[in-house]
Amino acid sequence: MLVAFMSDIHGNLPALKAGVAHAKASGAAGITCAGDLTGYGPFPNEVCDFLAENGIAAISGNYDTRVLDVVKHGPSSVSDMQKKKRDVLVWTAKHIGKASRRFLAGLPGSIEQELPEKRKLLIVHGSPVSNDDPIYPSITARGLESKLGSEPPDILVCGHTHIPFVKRVGGVLVINCGSVGHPVDGDPRPSYAILTIDEKGARGSIVRFGYDVD
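Residues numbered from 1 in each chain as written. Predicted model: local features only at pLDDT ≥ 70, side-chain atom pairs only at ≥ 80, totals over all residues. Heavy atoms only, no water.

**Considering the overall build of the protein chain**
And step 1. A count of helical and extended segments in the protein chain gives six helices and ten strands.
And step 2. Taking 17 Å as the expected radius of gyration for a compact globule of 214 residues, we find that the protein chain reaches 16 Å, a close match to that expectation.
And step 3. Principal-axis analysis of the C-alpha atoms gives the protein chain an extent of 50 × 40 × 30 Å.
And step 4. The buried share of the protein chain, reckoned over its 214 residues, is 49%.
And step 5. For the protein chain, contacts bridging at least 24 residues in sequence account for 65% of all contacts bridging at least 6.
And step 6. When the accessible area of the protein chain is evaluated, it comes to approximately 10000 Å², of which 50% is carbon and sulfur surface.
And step 7. Seen as two clouds, the 23 positive and the 23 negative side-chain charges of the protein chain have centres 3 Å apart. (Helix = DSSP H or I, 4+ residues; strand = E, 2+ residues; numbered from the N terminus. Rg over C-alpha atoms; globule rule 2.2 N^0.38 Å. Buried < 20%, exposed > 50% of the residue type's maximum accessible area, 1.4 Å probe, protein only. Contact = heavy atoms within 4.5 Å. Areas by Shrake-Rupley, 256 points an atom, 1.4 Å probe, with all protein chains shown as cover. Lys, Arg positive; Asp, Glu negative; His and termini not counted. Charge placed at Lys NZ, Arg CZ, Asp CG, Glu CD.)

This is the structure:
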């Protein structure tokens, strides 16, 4: 079993299309998006349409919920954010269509799945605490335990930080997808994550790919 996880598309349709094509060519049987479909890039509507048309499951990220806040309550709802991020959200809210608004509003905050060998998979954007609570590579077993509660998953998939990593922490396989649309970790190439489950167990890997930036 081989499945792909992507996160933080941020309105970058060319990168999303390239990432999905790369994952399918690599043998991924399924693809799930871990949030932040919108923000920064100029294609919020096209990203929503592409995910819907291709049957790619997605959850809501912090930018997605903030965009809907601006649509509903106006720019004052993001007055607590830095100007650059605030401007991004206001622009996106201004240009996003009704169909995309409905699509974003219908996204769940997380996805739980049961995988082979009764492994429990939890997909969140930030962490189980909230969609803007980060999980960094430095996370400790104690720190992760405080975020997971009394019934931790076997595999936790997240995004939000734009810093991809795979790490086993306190018995939990943590997979941060990084970012397809807006990488910030020093490597300009987008990233996504692959989860492989076979007779050897469950393991994750980070995949980097290129696309036509021009």
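**Re the side chain of His10**
And step 1. Relative to the assigned elements, His10 resides in the loop between strand E1 (2–6) and helix H1 (13–25).
And step 2. Within the local environment of His10, its side chain forms a polar contact with the backbone oxygen of Thr38, the two atoms lying 2.8 Å apart.
And step 3. Aside from chain neighbours lying at most four places away, what touches His10 is Asp36, Leu37, Thr38, Gly39, Tyr40, Gly41, Tyr63, His162 and His182. (Polar contact = N/O pair within 3.5 Å; in protein donor to acceptor, adjacent residues only side chain to side chain.)

**Observations regarding the environment of Ile194**
And step 1. By the secondary structure assignment, Ile194 is in strand E9 (residues 191–198).
And step 2. Each C-alpha atom, one on Ile194 and one on Ala23, is 8.3 Å from the other, the two residues being 171 residues apart in sequence.

**Brief notes about the environment of Val157**
And step 1. Relative to the elements of secondary structure, Val157 occurs in strand E6 (residues 155–158).
And step 2. Judged by relative accessible area, which is 0%, Val157 ranks as buried.
And step 3. Here the alpha-carbon distance between Val157 and Gly204, two residues 47 residues apart in the chain, equals 9.8 Å.
And step 4. If near-sequence neighbours (up to four positions away) are discounted, Val157 is found in contact with Phe5, Leu121, Leu122, Ile123, Val124, Ile175 and Cys177.

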